[in-house]
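Now for the letters of each chain:
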Amino acid sequence: MNDRHVYVDFATVRIQQYLSRTSDLRGHRAASNSLAYATSAAAVGKVADGLAEVNEEAGEADGVVSLRFPAEPGTAHVDRVRRIQDRVFGHLRAALPGAEFQSVWGEGDSYLSVYADTLRRKERDGDVRHDLPANAEFPLAIPCRSCELAPAAGREPVHERMEWLCPDCSMRNVPRRQVREDPRSPEARLRADIGLDPAPDHFPDLAALGAPGSGGNHLATVAADGNAFGVFFKALADEGLRGPEPASLKQRFSVTMSRATREALAAAVLELPLTLKTGRLCVVPHVVGGDDVLVSMPADQAWPFTLHFLREFEQRVRRETAEVIDRINARRAGLPGTALLEPPTASAGIVFARHRHPLNLQVESAGRMLSEAKRAFRGRRASVQWLDITAEGSDPPDRPPLLLSTLQNADGTPTRAHAAVTTLVRVPAGHRNRLAEALRDAGPIKAAAIADRVGHLAAVRPFLAPFDRPGESPAAGVGLAAALGIARWWTCE
Ligand SMILES: [Zn+2]
């Protein structure tokens, strides 16, 4: 039997920026639902019917579509690929008028090997077919009132007023209730997993769930995704080529990662102090697909959420991949100079901002923080970077990302830094602000002197280098400036 197939993949480009191009939560969710539906196996299978089938080997993720058809000798399939792309692009464009899509294809014995050998390289090299939103056809077109990125196509009621909207914003302009109850939405799927009351309808109400002392007007947006999946994937590909099950190995791995992400999210949400207190969903998921997570929540929930999510993800992945990693490492152990394979982990970027701060900018910053966190440890270790836009501005912070292991032990118990930050939070906020100022203007010795005068030297001491050896790192493994920043929204016990 000939098992050669031609695989045709489609992806939504810069998906998070696209979803958040309208600043309001309702529009964001409507777009995220449309995307989940348009890229679902059921919808795409129907569109490609007669030309290709859904590629079950690829696993499922929002915003990604994979199709395949049996390869024939010769180059007849080039034309077929083109027809498939035309059809699927047309379908995606109708559902998501303002998004940007790309497609790559390749031929081989299994999706695993085609992905590793061809698709990944083509994506990296930009050897892809693009499908872009339609441009303004009339130079005098009225700009869309909602996104101001595209020309308006018609007028319709928005918040009880008639507004000019582009097709993409029109797609997003559906009643919030309808969006929330759509069973395909990330929020509905999360609620189906954990069964809580719905999240608030608007950002100000979500922010207001934060502790009274925090002002109740700040949100955090957290972006997280897996580390070193490429390395792990490549190892799986090599392993798969040896065994009888290349396709099922990749499929199993995809499903495992998606499930670990969903379960870690559910566990982190359920364990949030605020969830336990209110019994309702306090985290709004924007994107949950593959190993990708983008969520918003009251600012004071972000640290407990992030630490919990990263730990849960790591534990689940470690458990699920233990067998295959042992198998691969048993072989590698015999090969001198070959590094042992580690299970993938996840990293996160957190952005704190007033709820009025446009969601698209928060999302962009969160993505940037995530990239910084990953880059700092070469995408190999669980890490986190954060930015407090209210306190620090929008520019990237001038401090290194943190390893998760600095804030939390593998079993979830607090580290020295964790305990020290918890102690630092007990110093009144006014004192902490003054310390931050002194640190910035006059340096650590001056800040320590001020802390000493008001009786808080013990609380800041773990974050300072020994006074006679200023080059050494602080006992807590975190500097005072970073610690004061973390303490601002820290509610971990
Ligand atoms: Zn628009």
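These notes cover the structure that comes with them. Keep in mind the model is a prediction, meaning the values are calculated, not measured.

Section: the overall build of the chain
Reasoning step 1: Across its full length, the chain carries 21 helices and 13 strands.
Reasoning step 2: Computed over the C-alpha atoms, the radius of gyration of the chain is 25 Å, within 12% of the 23 Å expected from 2.2 N^0.38 for a compact globule of 493 residues.
Reasoning step 3: On the principal axes, the C-alpha backbone points of the chain span a range of 80 × 70 × 40 Å.
Reasoning step 4: With 493 residues in all, the chain has 54% of them scored as buried.
Reasoning step 5: When contacts within the chain are restricted to residue pairs at least 6 apart in sequence, those whose partners lie at least 24 apart make up 69%.
Reasoning step 6: Looking at charge distribution, the chain has the averaged site of its 61 positive side-chain charges lying 3 Å from that of its 61 negative ones.

Things to note about the coordination of the zinc ion
When a metal carries six donors in an octahedron, the ideal angles between them are 90 or 180 degrees, while four donors in a tetrahedron ideally lie at 109.5 degrees.
Reasoning step 1: Protein coordination at the zinc ion comes from Cys144 (SG), Cys147 (SG), Cys166 (SG) and Cys169 (SG), with a distance range of 2.3 Å.
Reasoning step 2: Each of the four donor atoms bound to the zinc ion contributes to angles spanning 103 to 115°, and the resulting shape is tetrahedral.
Reasoning step 3: Donor residues binding the zinc ion come from one chain and are separated in sequence as C-x2-C-x18-C-x2-C. One end of the pair, cysteine 147, is in the loop between strand E5 (129-131) and strand E6 (154-158); the other, cysteine 166, is in the loop between strand E7 (161-165) and helix H6 (167-172), and 19 residues separate them in sequence.
Reasoning step 4: Judged by relative accessible area, which is 1%, cysteine 166 ranks as buried.

So, helix H14 (residues 359-376)
Reasoning step 1: Compared with an ideal rise of 1.5 Å per residue, which puts 18 residues at 26 Å, H14 spans 26 Å between its outermost C-alpha atoms and is within 8% of the ideal.
Reasoning step 2: Within H14, the full set of buried residues consists of Leu359, Gln362, Val363, Ser365, Ala366, Met369, Leu370, Glu372, Ala373 and Lys374.
Reasoning step 3: Once H14 finishes, arginine 378 follows within two positions and takes phi at roughly 50°, a positive value.

Examining the sheet that holds strand E4 (residues 101-108)
Reasoning step 1: Strand order across the open sheet formed by five strands is E2-E3-E1-E4-E5, with antiparallel pairing between neighbours. Strands with a single pairing partner mark the edges of an open sheet, and in this sheet they are strand E2 (53-54) and E5.
Reasoning step 2: As defined by bridge partners, strand E1 (residues 5-12) adjoins E4 across eight bridges and the pair is classed as antiparallel. Bridging across to E4, phenylalanine 10 finds its partner in serine 103.
Reasoning step 3: Along the sheet, helix H4 (residues 77-95) contacts E1, strand E3 (64-70), E4 and E5; its crossing angle with E4, the most-contacted strand, is approximately 150°.

Focus on the sheet that holds strand E10 (residues 292-298)
Reasoning step 1: Spatial ordering of the open sheet is given by E9-E10-E8-E11-E12-E13, a layout of six strands whose pairing is mixed. Among the strands making up the open sheet, the edge pair consists of strand E9 (284-289) and strand E13 (402-403).
Reasoning step 2: Sheet analysis places strand E12 (residues 383-388) next to E13, joined by two bridges and oriented antiparallel. By the bridge assignment for E13, valine 384 is matched with leucine 402.
Reasoning step 3: Relative to the sheet, H14 contacts strand E8 (218-226), E9, E10, strand E11 (346-354) and E12, its axis offset from that of E11 by approximately 145°.
Reasoning step 4: Set on the sheet, helix H21 (residues 480-488) makes contact with E8, E12 and E13; between it and E12 the angle comes to about 75°.

Some points on the nonpolar core
Reasoning step 1: Ranked by internal contacts, the top residues of the largest apolar core, which has 136 residues, are Trp303 and Phe305.
Reasoning step 2: Apart from residues lying up to four places away in sequence, phenylalanine 305 is in contact with Val222, Leu265, Ala268, Val269, Leu272, Val283, Val295 and Met297.

A look at the layout of surface pockets
Reasoning step 1: In this structure, the second largest pocket spans a volume of roughly 1,300 Å³.
Reasoning step 2: Lining the second largest pocket are 47 residues, with Ala436, Ala481, Ala482, Leu484 and Gly485 sitting closest to its centre.
Reasoning step 3: When residues of the lining of the second largest pocket are traced back to their parent elements, those giving at least two are E12, helix H15 (389-392), helix H18 (429-442), helix H19 (444-453) and H21.
Reasoning step 4: Considered class by class, the residues forming the lining of the second largest pocket number 29 nonpolar, eight polar and ten charged.
Reasoning step 5: A domain-level breakdown of the lining of the second largest pocket finds at least three residues from each of domain 2 (185-413) and domain 3 (421-488).

Considerations on empty space enclosed by the protein
Reasoning step 1: This model, assessed by the stated rule, comprises one cavity of 30 Å³ or more.
Reasoning step 2: Lining the largest cavity are Leu19, Ser32, Leu35, Asp62, Pro186, His286, Val287 and Val288.
Reasoning step 3: When contributions to the lining of the largest cavity are tallied by element, the ones reaching two or more residues are helix H2 (25-38) and E9.
Reasoning step 4: Counting residues per element, the lining of the largest cavity draws most heavily on E9, which supplies three residues.
Reasoning step 5: When the residues that make up the lining of the largest cavity are grouped by side-chain class, the tally is five nonpolar, two polar and one charged.
Reasoning step 6: Two domains each donate at least three residues to the lining of the largest cavity, and these are domain 1 (5-131) and domain 2 (185-413).

What counts, and at which threshold
Along each chain, the written sequence defines residue order, and numbers are assigned to residues from 1. Only residues with pLDDT of at least 70 get local features here, since the model is predicted, and only at 80 or more are side-chain atom pairs given and counted; chain-wide, interface and lining totals rely on the full set of residues. The side-chain numbers reported here are obtained from all heavy atoms of the structure, hydrogens and water having been left aside. Only runs of H or I of at least four residues qualify as helices and only runs of E of at least two qualify as strands under DSSP, and these elements are numbered from the N terminus. Based on C-alpha atoms, the radius of gyration is set beside the globule rule, defined as 2.2 Å times the residue count to the power 0.38. Type-normalised accessible area, obtained with a 1.4 Å probe on protein chains alone, sets the label of each residue: buried when under 20%, exposed when over 50%, and partly exposed for intermediate values. Any two residues whose heavy atoms approach within 4.5 Å are treated as being in contact. Residues counted as positive are Lys and Arg, residues counted as negative are Asp and Glu, and His and the chain ends are not counted. Charge placement uses NZ in Lys and CZ in Arg. For Asp and Glu, CG and CD serve respectively. Water is not among the atoms examined, so metal sites may look incomplete; donors are the N, O and S atoms within 2.8 Å of the metal, or within 3.2 Å for Na, K and Ca. Here the metal geometry follows the donor angles, with tetrahedral for four donors whose angles all fall between 85 and 135 degrees, square planar for four and octahedral for six when opposite donors are more than 155 degrees apart and every other angle is between 65 and 115, and irregular for all the rest. Expected span of a helix: the number of residues minus one, times 1.5 Å. For two strands to pair, DSSP has to find at least two bridges joining them. A fitted line through C-alpha atoms serves as each axis, taken over the contacting stretch for helices, and the angle formed by two N-to-C directions is quoted from 0 to 180°. Only buried residues count toward a nonpolar core. Its members are Ala, Val, Leu, Ile, Met, Phe, Trp, Tyr and Cys residues joined through side-chain atoms within 4.5 Å. Of the two site types, the cavity is a set of points on a 1 Å grid over the protein atoms alone where a 1.4 Å probe fits but cannot get out, and the pocket is an open set with protein on both sides within 12 Å along at least five of seven lines, each lined by residues with an atom within 4 Å of a point. Grid points are joined across faces, edges and corners, and a volume is the space filled by probe spheres set on the points. Think of it as three bins: nonpolar holds Ala, Val, Leu, Ile, Met, Phe, Trp, Tyr, Cys and Pro, charged holds Asp, Glu, Lys and Arg, and polar takes everything else, Gly as well. Residue ranges for the domains originate in an automatic or database domain assignment.

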